Amino acid sequence: MTMHEPFVSLGEIDEAREAIAATIRTTPVNNSPVLSDLAGVPVHLKLEQMQITGSFKLRGASNAVASLSDEERGRGVVGVSTGNHGRGLAYAARAAGVKCIICMSRLVPQAKIDGIRAQGAEVRIVGQSQDEAQLEVDRLVAEDGMTMIPPFDHRKIIAGQGTLGLELLDQVPDAATVLVPLSGGGLISGVAAAIKARRPEVRIVGISMERGAAMHECLKAGKPVQVEELATLADSLGGGIGLNNRLTFAMTRDLVDDVVLVSEAEIAAAIRHAYWQERQIIEGSGSVGIAALLARRIESTGPIVAILSGGNIDMNQHHRIISGEDVDVTQEAA
Ligand SMILES: *Cc1c(COP(=O)(O)O)cnc(C)c1O
């Protein structure tokens, strides 16, 4: 039998909520009349794309930084993410007065580098691949004693993301089904742990894209497996869950009721719907709950909450999508 760490508890999520209260923003919930009509039950949108740094990742990163010892704070934190986790970590570190280095390869587009720098982190460009960037992270940990903060498989990260579940229950106490964008599973593990502890009857549904749905493949296999990363409009949902996954695989397997997959065309339709009907600018990864609702793949006998997890989309790409252009990223390298 493989041993895993005990699941993240409601107590840890409560503690996280207190620890990060001064750093994060409480994000609003909007009712969607159009989606409510379509679903036949009230549908609410949790507007987490309005979180500082544009995604929920700030919650986990802030909690991880808040949990450092004084000695660790003095040596700083390091990460490899070029996306929302990198932004969140950079912001959280700066807010706490902690040094932060984000390592990335030469292949990372300038816009992503600028996005991380704008949050105040030092960006170190090393090597030709994510793996080479990881080697530099390992060196900073080994030689300079910096603390590596991973994007999802870490109890402080999961507890931080779980605060979104507690906040959502306060705002929509009669929620029956919660739709959660799913990649490495940090968000859904935290949200499910929080919500199931308070209201076990609430259904938690993970939504991933059809192209490269890593957690879905792992759940089918019954263990963490290698999954090929493919280009998708839901780019923040790409990547594997780690073959040595310690927490999010088991928590997702045991706490999540269902996983639903959406196509590229459905993601594009959801980004368009969010803009024209809900007046929200969201990235592909943040739109997958709306995509599943529009595709009528969600059934619920009571109110549904869809978490709009992030808004960091290239605005030229967004413009093309909402203008009705057929934006196909699947021909590009991942
Ligand atoms: C990271 C991310 C997700 C997925 O979160 P996991 O914890 O990896 O499952 C979903 N949406 C957005 C916008 C993200 O940045």
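Residues numbered from 1 in each chain as written. Predicted model: local features only at pLDDT ≥ 70, side-chain atom pairs only at ≥ 80, totals over all residues. Heavy atoms only, no water.

### Structural notes on the pairing of strand 7 (residues 177-181)
Both faces of the sheet carry side chains from a regular strand, because those side chains alternate between them.
Here is step 1 of the chain: For strand 7, the buried fraction is high: five of the five residues fall into the buried class.
Here is step 2 of the chain: Burial of strand 7 is two-sided: the residues Thr177, Leu179 and Pro181 facing one way and the residues Val178 and Val180 facing the other way are all buried.
Here is step 3 of the chain: Of the strand pairs in this sheet, strand 7 and strand 8 (residues 203-209) are connected by five bridges, and their pairing is parallel. Bridged to Val178 within strand 8 is Ile204.
Here is step 4 of the chain: Between strand 7 and its parallel partner strand 8, the chain crosses via helix 9 (residues 186-198), and the hand of that crossover is right-handed.
Here is step 5 of the chain: Note: strand 7 against strand 10 (residues 304-308), three bridges, orientation parallel. By the bridge assignment, Val178 is partnered in strand 10 with Val305. (Buried < 20%, exposed > 50% of the residue type's maximum accessible area, 1.4 Å probe, protein only. Helix = DSSP H or I, 4+ residues; strand = E, 2+ residues; numbered from the N terminus. Pairing = 2+ DSSP bridges. Right-handed = clockwise from strand over helix to strand, strands pointing away.)

### Looking at the domain arrangement of the protein chain
Here is step 1 of the chain: In terms of domain boundaries, the protein chain breaks down into domain 1 (10-54 + 154-332) and domain 2 (58-148).
Here is step 2 of the chain: The C-alpha-based centres of domain 1 and domain 2 are spaced at 24 Å.
Here is step 3 of the chain: Counting residues at the interface gives 24 residues for domain 1 and 17 residues for domain 2.
Here is step 4 of the chain: Carbon and sulfur atoms make up 57% of the area that domain 1 and domain 2 hide from each other, which totals about 1,500 Å².
Here is step 5 of the chain: Counting the surface domain 1 buries against domain 2, the share from its top three residues, Thr23, Thr53 and Lys156, is 34%.
Here is step 6 of the chain: Residue Glu167 is joined to Arg59 by a salt bridge in which the shortest nitrogen-to-oxygen separation is 3.0 Å.
Here is step 7 of the chain: Across the contact surface, domain 1 and domain 2 share eight residue pairs in polar contact (both at pLDDT 80 or more).
Here is step 8 of the chain: Mapped by element, the contributors of at least two residues to the side of domain 1 that touches domain 2 are helix 1 (10-20) and helix 8 (155-171). (Domains from an automatic or database assignment. Contact = heavy atoms within 4.5 Å. Buried area = accessible area lost by both parts, 1.4 Å probe. Salt bridge = Lys/Arg side-chain N within 4 Å of Asp/Glu carboxyl O. Polar contact = N/O pair within 3.5 Å; in protein donor to acceptor, adjacent residues only side chain to side chain.)

### Focus on the site of the ligand
Here is step 1 of the chain: In the region of the ligand, 16 residues are neighbours, and Lys57, Asn84, Gly185, Leu187 and Ser309 sit closest.
Here is step 2 of the chain: Here Asn84 contributes a side-chain N or O atom positioned 2.7 Å from an oxygen atom of the ligand.
Here is step 3 of the chain: Side-chain polar atom of Ser309 to a nitrogen atom of the ligand: 2.7 Å apart, as the coordinates give it.
Here is step 4 of the chain: In terms of residue class, the shell around the ligand is made up of five nonpolar, nine polar and two charged. (Near = heavy atom within 4 Å. Nonpolar A, V, L, I, M, F, W, Y, C, P; charged D, E, K, R; others polar.)

### With respect to empty space enclosed by the protein
Here is step 1 of the chain: This structure, assessed with the given rule, holds one cavity of 30 Å³ or more.
Here is step 2 of the chain: For the largest cavity, the calculated volume is near 30 Å³.
Here is step 3 of the chain: Lining the largest cavity we find Met209, Arg211, Gly212, Val227, Glu228, Glu229, Leu230, Gly238 and Gly239.
Here is step 4 of the chain: Each residue belonging to the lining of the largest cavity can be placed in one class, and the counts come to three nonpolar, three polar and three charged. (1 Å grid on protein atoms, 1.4 Å probe; cavity = no way out; pocket = protein on both sides within 12 Å on 5 of 7 lines; lining within 4 Å. Points joined across faces, edges and corners; volume = space filled by probe spheres on them.)

### Thoughts on the sheet that holds strand 3 (residues 77-79)
Here is step 1 of the chain: Taken in spatial order, the four strands of this open sheet run 5-4-3-6, and their pairing is parallel. Pairing within the sheet leaves two strands with one partner each, and these edge strands are strand 5 (122-125) and strand 6 (147-148).
Here is step 2 of the chain: With three bridges joining them, strand 3 and strand 4 (residues 100-104) adopt parallel strand pairing. Residue Val77 lies in a different strand from strand 4, and its bridge partner there is Cys100.
Here is step 3 of the chain: On top of the sheet, helix 5 (residues 84-96) reaches strand 3 and strand 4; it is set at about 160° to strand 4, its chief contact.
Here is step 4 of the chain: Sheet strands touched by helix 7 (residues 130-144): strand 3, strand 4, strand 5 and strand 6. Its angle to strand 4, the strand with the most contacts, is close to 150°. (Axes fitted to C-alpha atoms, helices over the stretch in contact; angles between N-to-C directions.)

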